[in-house]
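For reference, the chains in residue letters:
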Amino acid sequence: MNINQNINKLLYALSQKGQFYKINSFQFYNEKNNKYCTKYQVLKRELVPIDVDIELDLEEIEYEEKYKVDYVCYSKIEMMEYLADEYKEIGSEADGR
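Here the structure is a predicted model, which means the values were calculated and not measured. (Residues numbered from 1 in each chain as written. Predicted model: local features only at pLDDT ≥ 70, side-chain atom pairs only at ≥ 80, totals over all residues. Heavy atoms only, no water.)

A. Representation of the side chain of Gln 41. Inspection of the secondary structure puts Gln 41 in strand S2 (residues 35–49). For Gln 41, a relative accessible area of 15% gives the class buried. Those residues in contact with Gln 41 that lie beyond four places of it in its chain are Lys 22, Ile 23, Asn 24, Phe 26, Val 69, Tyr 71 and Val 72. (Helix = DSSP H or I, 4+ residues; strand = E, 2+ residues; numbered from the N terminus. Buried < 20%, exposed > 50% of the residue type's maximum accessible area, 1.4 Å probe, protein only. Contact = heavy atoms within 4.5 Å.)

B. Seen up close, the nonpolar core. Core analysis: the biggest nonpolar cluster contains 13 residues, and Ile 7, Tyr 21, Val 42, Met 79 and Leu 83 have the highest contact counts within it. Elements supplying a minimum of two residues to this core: helix H1 (3–16), S2 and helix H2 (76–95). Looking at which element gives the most residues to this core, the answer is H2, with five residues. Dropping the residues within four chain positions of it, Leu 83 is found in contact with Ile 7, Leu 10, Leu 11, Leu 14, Tyr 21 and Val 42. (Core = buried A, V, L, I, M, F, W, Y, C linked by side-chain atoms within 4.5 Å.)

C. Representation of the pattern of salt bridges within the structure. Inspection of every chain in the model, using the stated rule, returns three salt bridges. Between Lys 44 and Glu 86 there is a salt bridge, with the nearest N and O atoms lying 4.0 Å from each other. With a gap of 42 residues between them, Lys 44 in strand S2 and Glu 86 in helix H2 connect regions that are remote in the sequence. Judged by its relative accessible area of 11%, Glu 86 is buried. A salt bridge links Lys 68 to Glu 46; its shortest N-O distance comes to 3.9 Å. A residue pair is termed long-range when its members are at least 10 positions apart, and Lys 68 in strand S3 (residues 63–73) and Glu 46 in strand S2 qualify at 22 residues. (Salt bridge = Lys/Arg side-chain N within 4 Å of Asp/Glu carboxyl O.)

Structural measurements only, silent on function.
Next up, the structure:
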């Protein structure tokens, strides 16, 4: 199975557990190696409460989605290992360990 498929399956499995991620990639020229390299950023979704005038009758809090950089790497394999570790952590929390 190819790495992109594994990453997509991990992202899907994490989304089923309520954890949402985005992946950004940037290319830059590395003068030391005289070639282009790719940098990957894994961004994790966080729900931030919006400051709104809340009336006493309404106890609903509105949230805004914000994505913050959670992990930076230079290889898809490192990114796949990170996502697998995140999935293992969620599984162990659900088991009560």
